[in-house]
Each structure stands twice: as C-alpha cells, then as structure tokens.
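Listed below are the residues making up each chain.
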Amino acid sequence: MSDDKVCADDMIEEISRKLKVCGHPVRLKLLCLIHHQGEPCVTNLWTCLGESQPVISQHLAVLKENHIVDSTVQGNKRIYTIVDPFILNLVTKIVDQKKE
C-alpha cells in the first residue's frame, strides 16, 4: 500500500466535510455544550453562549442537516444530542482535555 492510500479517499472526503461543518467556533462551542450538559434544550444553549436565539438556531440547523446532531421534543422543549460517532469522539476529547 502506498503512503498516499493509508486512508481511503471516500473516508477522507467524509471526515473533511464533517470537520468543515463543525469547524465554525459557534458550532464547536455548541457541540461542547451539548456534550457537557447532556441533552440540553435550545434555550440553555443560547443563554450559555450569549448569542441570540436565531443565531443558535441557524447553527443547530446546519449541524442537524449534516447529521451531526439530532433533536427530540420533550414537552415544550427541543433537546439536542450529538449523533455522529466521529464528532462525538472528537468533542469528548476536547471536553476531557479541558478537565486536565
């Protein structure tokens, strides 16, 4: 196997796309909060980040459209979780790094 084929091209493309989506600072902060708070509602997210509700909703929509997060409705609240295993692992490492 040649060195340039250590990782399959399709895998590289998929991971690159995910990193681009999650690379925005607000989105990365959202992912860290979702992981840390364990299924927070959207109100908790925009309150914690000090951003307006529309800004947070737009970023959550991008994450959801790219299958990074998913949401469920519990009562009158929309709860978000990270559903992409690769991104969940990455965010876990980021959050754990801060604890050290």
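Rules of the game
Residues numbered from 1 in each chain as written. Predicted model: local features only at pLDDT ≥ 70, side-chain atom pairs only at ≥ 80, totals over all residues. Heavy atoms only, no water. Core = buried A, V, L, I, M, F, W, Y, C linked by side-chain atoms within 4.5 Å. Buried < 20%, exposed > 50% of the residue type's maximum accessible area, 1.4 Å probe, protein only. Helix = DSSP H or I, 4+ residues; strand = E, 2+ residues; numbered from the N terminus. Contact = heavy atoms within 4.5 Å. Salt bridge = Lys/Arg side-chain N within 4 Å of Asp/Glu carboxyl O. Axes fitted to C-alpha atoms, helices over the stretch in contact; angles between N-to-C directions. Parallel < 35°, antiparallel > 145°, perpendicular 65-115°, else oblique. Left-handed = near helix turned anticlockwise from the far one by under 90°.

So, the nonpolar core
Here's step 1: Core analysis: the largest hydrophobic core is formed by 20 residues, its most contacted members being Leu 31, Leu 45, Leu 60, Leu 63, Ile 68 and Val 69.
Here's step 2: Elements supplying a minimum of two residues to this core: helix 1 (9-22), helix 2 (25-37), helix 3 (42-49), helix 4 (53-65), strand 2 (77-82) and helix 5 (85-99).
Here's step 3: A total of 6 residues in this core trace back to one element, the largest contributor, which is helix 2.
Here's step 4: Setting aside chain neighbours within four positions, we find Ile 68 in contact with Lys 18, Val 21, Cys 22, Leu 31, Leu 63, Thr 81, Ile 82, Val 83, Asp 84 and Ile 87.

Side note on the pattern of salt bridges
Where charged atoms from two side chains of opposite charge approach closely, those side chains can pair.
Here's step 1: This structure, assessed with the given rule, holds 3 salt bridges.
Here's step 2: Arg 17 serves as the salt-bridge partner of Glu 14, at 2.8 Å between the closest nitrogen and oxygen. Highlighted residues: Glu 14 and Arg 17, both in helix 1, separated by 3 residues, approximately one helical turn.
Here's step 3: We classify Glu 14 as partly exposed; its relative accessible area is 34%.

Describing the packing of helix 2 against helix 3
Here's step 1: It is at 10 Å that the axes of helix 2 and helix 3 come closest, and there the two elements cross at 125 degrees. Taken together, the axis directions place helix 2 and helix 3 in an arrangement best described as oblique. With respect to the hand of their crossing, helix 2 and helix 3 are arranged in right-handed fashion. Two secondary-structure elements touch here, helix 2 through Val 26, Lys 29, Leu 30, Leu 33, Ile 34 and Gln 37 and helix 3 through Asn 44, Leu 45, Cys 48 and Leu 49.

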